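# Reading the structure
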Amino acid sequence: MRSYAEKTAVSALFLALGMILSYVEAVIPLGAIIPVPGFKLGLASLAITGAFFLLGLPYAMAVSLGKTLLSSVLFGSVTSFWFSLSGGLLVLISLTVYKFTKPKSLGCIGLSVICAAMHNIGQCLAAAVIFGLPVLIYYLPALMITALVTGTVTGILLHLILKHTTHISFT
Amino acid sequence: MKNKAATLPVLFGRADIFAYILVILAAFLLVFSGNGQAEPQKAVVVCGDTAKEYSLSENNTFDIENNGITLTVVIENGSVYVKSSDCHDGICKDTGKITKSGQVIVCAPAMVAIRIEGEKEDGYDAVIR
C-alpha cells in the first residue's frame, strides 16, 4: 500500500505524460491523411485511462481535470477550456460507469472506443452551446466514425501499456 | 502485487463488438434523425421595428427606405452588399460584401441592419486548438 504522497506524485507523472502526449499528437500530421477537422489520435487519453487502471478513478479524475486546466492556461483559450472540460467530464462519467459495472467482456479496445466517442460528443455539445449553432451536432457522425479508428489504436496501446506495467504496484 | 492483473481488461472482448455497434448506431441515428442538411442561408433586413427575410440563393435588388435615407441592397451569388446609399458617411457601402452567417451590415442613420442567418456548409466558424 502506497502512501497518498506517493500516489499523488505518480498521478502528477501521468498528468505530465498527458501534457506531452498532446504535444506529440499535435506533431503527427494525421490531418493530412484523414481530412476531418478536429481529428486527432487521442494519445493523451492514454494518460487518463492509464491512471484509471493503475491508480484508480479519483486519480484519473485529477489527471483529467488537471490536464484540462493546465493545457488551457498554457496553450489554450477560454473556449478550448470548455471544449476540453465537457469532453473530459463525459469520459470520466463513462469510466465511473465502467468502474461500478465492471463489464468483464469489455476489453481495452471497446473502452477506448467508447471514451473516444464520448469525448467527441462532449466537444460537439460544447461547440454547439458556445457558438449557438445546434447544427454542429450533425458533425458528430463523422467524428464518431473517426473515434472507432482512434479508439482502436489507443485501445491497443492501452493494453500494451497495462501489460507491461501491472507488475509495478502503484496502489 | 499480482492481484491487480485479475482486474485488468482483456484486449478485445465480446462486449467490444457491442461498443463498436453502439457507436456506429449512434452515428447513423444522428445522420437520419431528421434534417441533417443545413438550413439555407437568408438575409434578414431589420428596418426600424420591422424585419424582413430574403433568400440568399436567388439574386435580388431592392431599396429600403427609412429615416429619409434610401439604401439599394443587392443579393448576388450568395452575398449581400449595399450598392448605394444617400447617407453621407457610407459605412454600409464600405462594409462590402458579406457572405457568412452572423455577418452584419449596419446603417445607423437609417436604422437598418442586414444580417445573414442560417448555416453554410463550407468554411470554419472558429478553429480551436
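Right above here is the structure, for reference.
Here we summarise the structure given alongside this text. (Residues numbered from 1 in each chain as written. Chains lettered and ligands numbered in written order. Predicted model: local features only at pLDDT ≥ 70, side-chain atom pairs only at ≥ 80, totals over all residues. Heavy atoms only, no water.)

Let us now look at the packing of helix α2 (residues 45-54) of chain A against helix α4 (residues 78-101) of chain A. Residue and element names in this part refer to chain A. The contact between α2 and α4 brings their axes to 12 Å, and the two run at 25°. Between α2 and α4, the angle falls in the class roughly parallel. In the packing of α2 onto α4, the handedness of the crossing is right-handed. Here I48, T49, F52 and F53 of α2 lie close against α4, whose contacting residues are L95, Y98 and K99. The class makeup of the residues in the contact of α2 with α4 is five nonpolar, one polar and one charged. (Axes fitted to C-alpha atoms, helices over the stretch in contact; angles between N-to-C directions. Helix = DSSP H or I, 4+ residues; strand = E, 2+ residues; numbered from the N terminus. Parallel < 35°, antiparallel > 145°, perpendicular 65-115°, else oblique. Left-handed = near helix turned anticlockwise from the far one by under 90°. Contact = heavy atoms within 4.5 Å. Nonpolar A, V, L, I, M, F, W, Y, C, P; charged D, E, K, R; others polar.)

Across the boundary between the two partners, chain A contributes 35 residues, which contact 29 residues of chain B. When the two sides are added together, the surface that chain A and chain B hide from each other amounts to roughly 2900 Å², 74% of it contributed by carbon and sulfur. When the buried surface of chain A facing chain B is broken down by residue, S105, Y138 and T166 of chain A rank first, second and third, together holding 19% of it. On inspection of chain A and its partner chain B, the count reaches zero salt bridges. Counting across the chain A and chain B interface gives nine residue pairs in polar contact (both at pLDDT 80 or more). When contributions to the side of chain A that touches chain B are tallied by element, the ones reaching two or more residues are α2, α4, α5 (108-130) and α6 (140-165) of chain A. (Buried area = accessible area lost by both parts, 1.4 Å probe. Salt bridge = Lys/Arg side-chain N within 4 Å of Asp/Glu carboxyl O. Polar contact = N/O pair within 3.5 Å; in protein donor to acceptor, adjacent residues only side chain to side chain.)

Turning our attention to the nonpolar core. Generally speaking, a soluble globular protein has its nonpolar side chains buried in company with each other. Formed by 50 residues in total, the largest nonpolar core has its most connected members in F53 and L95 of chain A. Residue assignment for this core shows that the elements contributing at least two residues are α1 (4-27), α2, α3 (57-74), α4, α5 and α6 of chain A together with α1 (14-32) of chain B. Here this core gets nine residues from one element, more than from any other, and that element is α5 of chain A. Core analysis: the next-biggest nonpolar cluster, separate from the first, contains 22 residues, L56, I75, V80 and I116 of chain B among them. (Core = buried A, V, L, I, M, F, W, Y, C linked by side-chain atoms within 4.5 Å. Buried < 20%, exposed > 50% of the residue type's maximum accessible area, 1.4 Å probe, protein only.)

So, on to the sheet that holds strand β5 (residues 79-85) of chain B. Residue and element names in this part refer to chain B. Here we have three strands laid out as an open sheet, ordered β3-β4-β5, and antiparallel in their pairing. On the outer flanks of this sheet lie β3 (60-66) and β5, each paired with one strand and no other. Between one strand axis and the next, the sheet turns by 25° as a mean value, whatever way the strands run. (Pairing = 2+ DSSP bridges.)

This paragraph deals with the side chain of T152 of chain A. On the secondary structure map, T152 of chain A appears in helix α6. T152 of chain A has contacts with I109, V113 and A147 of chain A together with Y20 of chain B, leaving out every residue within four places of it along the chain.

Together, V149, V153, I156, L157, L160 and I161 of chain A together with L11, F12, I17, F18, I21 and L25 of chain B make up a nonpolar patch on the protein surface, roughly 1000 Å² of accessible area in all. Put simply, the parts of the chain that give the nonpolar patch at least two residues each are α6 of chain A together with α1 of chain B. Ranked by residues supplied to the nonpolar patch, first place goes to α6 of chain A with six residues. With respect to the element layout, I21 of chain B can be found in helix α1. Exposure remark for I21 of chain B: the relative accessible area of 43% places this residue in the partly exposed category. (Patch = residues over 30% accessible without salt bridge, like charges linked within 9 Å, V, L, I, M, F, W, Y side chains within 5 Å. Areas by Shrake-Rupley, 256 points an atom, 1.4 Å probe, with all protein chains shown as cover.)

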